[in-house]
Amino acid sequence: MANSILTKISPLWKLPSSTLIQPSRSTTSKHFNPKYKKHRAQKYLKIDLPDTNEDDSKLSPEKMRQKMKERGLMPPRPWMERPFYISATGGVFEGYVPPEGDGKASLVSTTRAKQTVQLLEKKSKSMMAIRKIKSYDEDFDSKEFCNEAQNIYIKAHESLANNDKYALRKYVTEKAYPEFRHNSLLKTIRWKFLDSLEPPRVVHARCTDIVSKENIFAQVTVRFHTRQQLAVYDRFGRLIHGSEIVAKDVLEYIVFEKHLSNLYGTWRIHDKIIPDWAPPKDPSKLTRLKPEPEPVSVVVEEEVEQPAIADK
Amino acid sequence: MNRISPNFCKVELFFNLLKSNLHTTGPQQAWAKSDLPKTFLTFNKKIYPPQEIGEEPRPAFVCHQKTNIKYSPEKLWYVASLVRGMTVDEAIKQLSFVNKKGAVFVKEAILEAQKLAVTEHNVEFKSNLWIAESFSGKGMVIKGIRRHARGRIGEVRYQYSHYFVRLEEGKPPLDYYKRNPLTPQQQLDKWLESMRKRKIINSY
């Protein structure tokens, strides 16, 4: 076809000579007589080859249904037969608001002394909640609970550092579990609890019922002022956060939750209250590329030409 | 669909060929096991122990694969071996101008791997990567039919391949293929040394 006379007759053939200096070919194949191509293609049985790298998420549901029908597959079940059980609440009810400047004043000042003596007995709602907890749990005592809470806190962090998922479930509620394990995959975490600067203190307590009146959950906030050491290494053993030597003072308000109505309920870490006045976290050693600024589209106002004659 | 598609494809073709005659169940039905390569990607999950302060930092690496590419594994091998030992930028530059169908897949795989390295494997600079391993493997093969002269039948193989690439952080080695291992001076020294090592047996 490329060399036939018909192409040469067409007016496009009459191009200026400059374009004919560079040798070029209008077809890719050099076959001298390509007239048997169709016959050769007819010898092969046509098969629909599957598209293996097709993206499932980009298919519309109608297309997906069509494909499954072609393959004789049943559609997925539209309802869920699996029952779910609420073993932990979704958040913190009437959270504790830590007073500003808590733990910042120097140890010898009067403000600090006042903060340590803050009695829970003055908070009526918290006392009512603790009374309710005692009605389910006779041996509940605020002071003993503080030590128990600290043990749970230490064990939870240690099981996170050891990547012990089954132990972590015992010390942490279902709501807090993904938050604990977030960003800890494929990393080595070394955490050490050095000591407690102040004894842990119960600062807040609340009881709530979920769905029915008898299904009660208790949430108790404990204040920890401790010294801890944290070092996080990436997959290849390179330090990405913290250090092995430096210890840090940590002031935290941890919410512990227990399912009171459940005979086998235990106190577990549920949430952490981060006050607005908390100091900013250490900057991360990891870097990111700054995203390119979006191009600002300049709207050019077209100047409407005013005609010289008014009626046009 | 991709992870179980080879088996579905075989079911589909089976039906294509025996549409009019038989109503049989295909060789594999719903939720058959996938036979895509998995062991290469397990290297991505290996956690190395933390390094001491004096040790050289371990270079990060990422393993990536592209499965069931509609291309012959032998032809893909040529493209895979072109890219070995190059930096990522150089590899992408070269692959953009290689006149082969496999070059498109290899380039896509390398770009995906680069993105993964930065987001998931803690690689700081995306250009600080080089191609440590790059090879192709055989994927599924779908057999078709063609006719020859004199009523004879021939088999047509529609071949698929897998492509595997491992990017490592840092500078690439000077000569990955060791094309020029010794300079002329080094070759002369080596020859002289071998000449001087000779010993006349049963002598002092």
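Preceding block: the structure.
Structure report, in brief. All of these numbers come straight from a predicted model, not from anything done at the bench.

## With respect to the overall build of chain B
Here comes step 1: Secondary structure assignment for chain B yields five helices and three strands.
Here comes step 2: Listed by position from the N terminus, the elements making up chain B come as α-β-α-α-α-β-β-α.
Here comes step 3: Counting only residues that meet the buried cut, chain B has 40% of its 204 residues in that class.
Here comes step 4: For chain B, contacts bridging at least 24 residues in sequence account for 70% of all contacts bridging at least 6.
Here comes step 5: Surface accessibility of chain B: about 13700 Å² in total, with carbon and sulfur atoms responsible for 56%.

## Quick word on the interface of chain B and chain A
Here comes step 1: The partner chain A presents 28 residues to the 42 residues of chain B that form the contact.
Here comes step 2: Roughly 3300 Å² of surface becomes buried between chain B and chain A when both sides are summed, with 56% attributable to carbon and sulfur atoms.
Here comes step 3: Between chain B and chain A we count one salt bridge in total.
Here comes step 4: Remark: the boundary between chain B and chain A carries 18 residue pairs in polar contact (both at pLDDT 80 or more).
Here comes step 5: Elements supplying a minimum of two residues to the side of chain B that touches chain A: helix 1 (5-17), strand 1 (61-69), strand 2 (129-147) and strand 3 (153-169) of chain B.
Here comes step 6: Split into classes, the residues belonging to the side of chain B that touches chain A amount to 22 nonpolar, 10 polar and 10 charged.

## Some details on the pairing of strand 3 (residues 239-242) of chain A
All names here are of chain A.
Here comes step 1: Across three bridges, the pairing between strand 2 (residues 216-233) and strand 3 is antiparallel. By the bridge assignment, Val232 is partnered in strand 3 with His241.
Here comes step 2: Hairpin connection of strand 2 to strand 3: five residues between the antiparallel strands, including Gly237 at a positive phi of 85 degrees.

## Regarding the packing of helix 2 (residues 73-83) of chain B against helix 4 (residues 101-120) of chain B
Residues and elements named next belong to chain B.
Here comes step 1: Where helix 2 contacts helix 4, the two axes come as close as 9 Å, and the packing angle between them is 45 degrees. Classified by the angle their axes make, helix 2 and helix 4 are oblique. When you trace helix 2 past helix 4, the crossing you get is right-handed. Mapping the contact onto sequence places Leu76, Val79 and Val83 in helix 2 and Gly102, Ala103, Val106 and Ile110 in helix 4.
Here comes step 2: Residues belonging to the contact of helix 2 with helix 4 are distributed by class as follows: six nonpolar, one polar and no charged.

## Thoughts on the sheet that holds strand 3 of chain B
All names here are of chain B.
Here comes step 1: The strand order across the open sheet built from three strands is 1-3-2, with neighbouring strands paired in antiparallel fashion. Each having just a single partner strand, strand 1 and strand 2 make up the two edges of the open sheet. Neighbour to neighbour, the strand axes of the sheet diverge by 15 degrees on average, direction disregarded.
Here comes step 2: Pairing between strand 1 and strand 3: seven bridges, direction antiparallel. Bridging across to strand 3, Gln65 finds its partner in Phe164.

## Concerning helix 2 of chain B
Here comes step 1: Those residues of helix 2 of chain B not exposed but buried are Pro73, Leu76, Val79, Ala80, Ser81 and Val83 of chain B.
Here comes step 2: Check the buried side of helix 2 of chain B and you find it contacts strand 1, helix 3 (88-95), helix 4, strand 2 and strand 3 of chain B.

## Observations regarding the packing of helix 3 of chain B against helix 4 of chain B
Residue and element names in this part refer to chain B.
Here comes step 1: One can describe the packing of helix 3 onto helix 4 by two numbers: an axis separation of 9 Å at closest approach and a directional angle of 155 degrees. What the angle tells us is that helix 3 and helix 4 run roughly antiparallel. Judged by the sense of rotation from one axis to the other, the crossing of helix 3 with helix 4 is left-handed. Judged by residue contacts, Val88, Asp89, Ala91, Ile92 and Leu95 of helix 3 engage Ala103, Val106, Lys107, Ile110, Leu111 and Gln114 from helix 4.
Here comes step 2: The class makeup of the residues in the contact of helix 3 with helix 4 is eight nonpolar, one polar and two charged.

Criteria and thresholds
Residues numbered from 1 in each chain as written. Chains lettered and ligands numbered in written order. Predicted model: local features only at pLDDT ≥ 70, side-chain atom pairs only at ≥ 80, totals over all residues. Heavy atoms only, no water. Helix = DSSP H or I, 4+ residues; strand = E, 2+ residues; numbered from the N terminus. Buried < 20%, exposed > 50% of the residue type's maximum accessible area, 1.4 Å probe, protein only. Contact = heavy atoms within 4.5 Å. Areas by Shrake-Rupley, 256 points an atom, 1.4 Å probe, with all protein chains shown as cover. Buried area = accessible area lost by both parts, 1.4 Å probe. Salt bridge = Lys/Arg side-chain N within 4 Å of Asp/Glu carboxyl O. Polar contact = N/O pair within 3.5 Å; in protein donor to acceptor, adjacent residues only side chain to side chain. Nonpolar A, V, L, I, M, F, W, Y, C, P; charged D, E, K, R; others polar. Pairing = 2+ DSSP bridges. Axes fitted to C-alpha atoms, helices over the stretch in contact; angles between N-to-C directions. Parallel < 35°, antiparallel > 145°, perpendicular 65-115°, else oblique. Left-handed = near helix turned anticlockwise from the far one by under 90°.

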